[in-house]
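So the chains spell out like this:
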Amino acid sequence: MKWIDQNGNFAPDVIEIDGRQIFNPTEELYRQAGYMPYVEPLPTEAECLECAKEAKIREIEKYDRSDAVNSLKVNGVTIWYDQEKRLIYMASVDAAIERSLPTIKLPLGDRLIPVPVADAKQMLSALQLYAVAAFNNTERHKKAVMALETEAAVKAYDYRTGYPEKISFTIE
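So, here is what we can say about the structure in this document.

The rules behind the values
Residues numbered from 1 in each chain as written. Predicted model: local features only at pLDDT ≥ 70, side-chain atom pairs only at ≥ 80, totals over all residues. Heavy atoms only, no water. Helix = DSSP H or I, 4+ residues; strand = E, 2+ residues; numbered from the N terminus. Polar contact = N/O pair within 3.5 Å; in protein donor to acceptor, adjacent residues only side chain to side chain. Pairing = 2+ DSSP bridges. 1 Å grid on protein atoms, 1.4 Å probe; cavity = no way out; pocket = protein on both sides within 12 Å on 5 of 7 lines; lining within 4 Å. Points joined across faces, edges and corners; volume = space filled by probe spheres on them. Nonpolar A, V, L, I, M, F, W, Y, C, P; charged D, E, K, R; others polar. Phe/Tyr/Trp six-rings, centres within 6.5 Å; stacked < 30°, edge-to-face > 60°. Buried < 20%, exposed > 50% of the residue type's maximum accessible area, 1.4 Å probe, protein only. Core = buried A, V, L, I, M, F, W, Y, C linked by side-chain atoms within 4.5 Å. Contact = heavy atoms within 4.5 Å.

Regarding the side chain of S71
Phase 1: Looking at where S71 falls in the secondary structure, it is placed in the loop between α2 (45-65) and β5 (72-74).
Phase 2: Of the polar contacts made by the side chain of S71, one reaches the side chain of K166; its length is 2.4 Å.

A word on the sheet that holds β5
Phase 1: The strand order across the open sheet built from three strands is β6-β5-β9, with neighbouring strands paired in mixed fashion. Of all the strands in the sheet, just β6 (77-79) and β9 (168-169) have a single pairing partner and so form its edges.

Topic: the layout of surface pockets
Phase 1: Taken as a whole, the largest pocket spans an internal volume of roughly 240 Å³.
Phase 2: Sorting the residues of the lining of the largest pocket by element identifies α3 (83-98) and α4 (117-147) as the ones contributing at least two each.
Phase 3: In terms of residue count, the dominant contributor to the lining of the largest pocket is α4 (five residues).
Phase 4: Looking at the lining of the largest pocket, its residues break down into five nonpolar, three polar and three charged.

Observations concerning the pairing of strand β8 (residues 111-116)
Phase 1: Here strand β7 (residues 103-108) runs beside β8; their pairing, made up of six bridges, is antiparallel. Paired with L108 across the two strands is R111, which belongs to β8.
Phase 2: Two successive antiparallel strands, β7 and β8, enclose a turn made up of two residues, where G109 displays a positive phi of approximately 65°.

Quick look at the packing of aromatic side chains
Phase 1: The full count for this structure, using the stated rule, is seven aromatic pairs.
Phase 2: For the pair Y63 and Y159, a centre-to-centre distance of 5.5 Å together with 65° between the ring planes defines the contact as edge-to-face. Linking Y63 in helix α2 with Y159 in the loop between α5 (151-156) and β9, this pair joins segments that are 96 residues apart in sequence.
Phase 3: For Y63, a relative accessible area of 17% translates into the label buried.

Re the nonpolar core
Soluble globular proteins: nonpolar side chains tend toward being buried together.
Phase 1: Ranked by internal contacts, the top residues of the largest apolar core, which has 33 residues, are L72, V74, Y81 and L106.
Phase 2: Those elements giving two or more residues to this core turn out to be α2, β5, α3, β7, β8 and α4.
Phase 3: Ranked by residue count, the leading element in this core is α4, at eight residues.
Phase 4: Apart from residues no more than four positions distant in its own chain, Y81 is found in contact with R86, Y89, L106, P107, M123, L124 and L127.
Phase 5: If you look at the next biggest cluster of nonpolar residues, it comprises seven residues, including W3, I15, I17 and Y30.

Here it is, written out as structure tokens:
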């Protein structure tokens, strides 16, 4: 526990009472020397609002990384290709088109499946557009939260709205 004097100055670890120095004083000795317990001030409304905004932004970012946003179905299997994988697979599709290959293998769960190049290009393009729309919606929510003016409004804000409809593909 911290102790303060009447002027708000923190008490030292060594105090003086009746001309004697006391090391590691007890609560009773601090009181006898005229100190009182220091009580942390409550956060201001502005500090509470800022904390609520930071917490809500973390919730939004966690939701943005979750399967609720980052997933699609291919042949009934839920998967996700992050941005790095989408770029790699798109480059592979472009290379397959250059070489006039009819199919490309893409991961589906724990296996690779052959996908017609045109279907793979369409799927990856749709996935990229979905990912951009989801990202933009997440950023819109973060901006909206930062503009809110009360802690109650921040806590009540529903960030699960406005995301694009999930995409689904059947590869034959």
